[in-house]
Amino acid sequence: DAGVLSKAWYAATCDRKTAEDALYRSNKDGSFLIRKSSGQDSRQPYTLVVFYNRRVYNIPVRFIESTRQYALGREKTGEERFDSVAEIVENHQRTSLVLIDSQNNTKDSTKLKHIVRVS
């Protein structure tokens, strides 16, 4: 189960708009949650949703079949891989996560600080 089911930050049945609305309401940099990805794709089962600088970022969580591990965003050389989604969250609560704004071509970074619960 990727270590997500019992976690406070996991919003199981939450769609993209609901997640984004909840993060905008929280209005705190580093607010986050993990939701199931909209597409039913086993290679990208979850999405990490992060609020930073008045913007919401939806970062795909990929499942790498060959190693049975997880990674964030598009595949890249030397990427960090994790044994569970929980490990990704724990890692980025300690170390900054790079946020790439593809529209404005800017980069920011923040740690995952505030768990947002979707009601």
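This is a predicted model, so every value here is computed, not measured. (Residues numbered from 1 in each chain as written. Predicted model: local features only at pLDDT ≥ 70, side-chain atom pairs only at ≥ 80, totals over all residues. Heavy atoms only, no water.)

### Quick notes on the overall build of the protein
Part 1: Of the regular secondary structure elements, the protein holds two helices and eight strands.
Part 2: Here the C-alpha atoms of the protein give a radius of gyration of 13 Å, agreeing with the 14 Å that 2.2 N^0.38 yields for 119 residues.
Part 3: Overall size of the protein, expressed as C-alpha extent along the three principal axes, is 40 × 30 × 25 Å.
Part 4: The proportion of buried residues among the 119 residues of the protein is 44%. (Helix = DSSP H or I, 4+ residues; strand = E, 2+ residues; numbered from the N terminus. Rg over C-alpha atoms; globule rule 2.2 N^0.38 Å. Buried < 20%, exposed > 50% of the residue type's maximum accessible area, 1.4 Å probe, protein only.)

### Digging into the nonpolar core
Part 1: One finds Trp9, Ile34, Tyr46, Leu48, Val61 and Val85 to be the most contacted residues of the largest nonpolar core, which totals 24 residues.
Part 2: Going through the elements one at a time, strand E2 (31-36), strand E3 (46-52), strand E4 (55-64), strand E5 (69-72), helix H2 (85-94) and strand E6 (97-101) are the ones with two or more residues in this core.
Part 3: Excluding anything up to four places from it in sequence, Trp9 contacts Gly3, Val4, Phe32, Leu33, Ile34, Val85, Ala86, Val89 and Ile115.
Part 4: Core analysis: the second largest hydrophobic core is formed by 10 residues, Ala11, Ala22, Val56 and Val116 among them. (Core = buried A, V, L, I, M, F, W, Y, C linked by side-chain atoms within 4.5 Å. Contact = heavy atoms within 4.5 Å.)

### Describing the packing of aromatic side chains
Part 1: In total, this model carries three aromatic pairs according to the counting rule given.
Part 2: Ring geometry for Tyr10 versus Tyr46: centroids 5.8 Å apart, planes at 80 degrees, classification edge-to-face. Note that Tyr10 is positioned in strand E1 (residues 10-11) and Tyr46 in strand E3, a separation of 36 residues in sequence. Here the two residues Tyr10 and Tyr46 agree in accessibility, since each one is buried.
Part 3: Measuring from ring centre to ring centre gives 5.1 Å for Phe63 and Tyr70, while their planes differ by 50 degrees; the resulting arrangement is tilted. Judged on exposure class, the residue Phe63 and its partner Tyr70 are both buried.
Part 4: Residue placement shows Arg55 over the ring face of Tyr57; its charged tip is 4.9 Å from the ring centre. (Phe/Tyr/Trp six-rings, centres within 6.5 Å; stacked < 30°, edge-to-face > 60°. Lys NZ or Arg CZ within 6 Å of the ring centre and 35° of its normal.)

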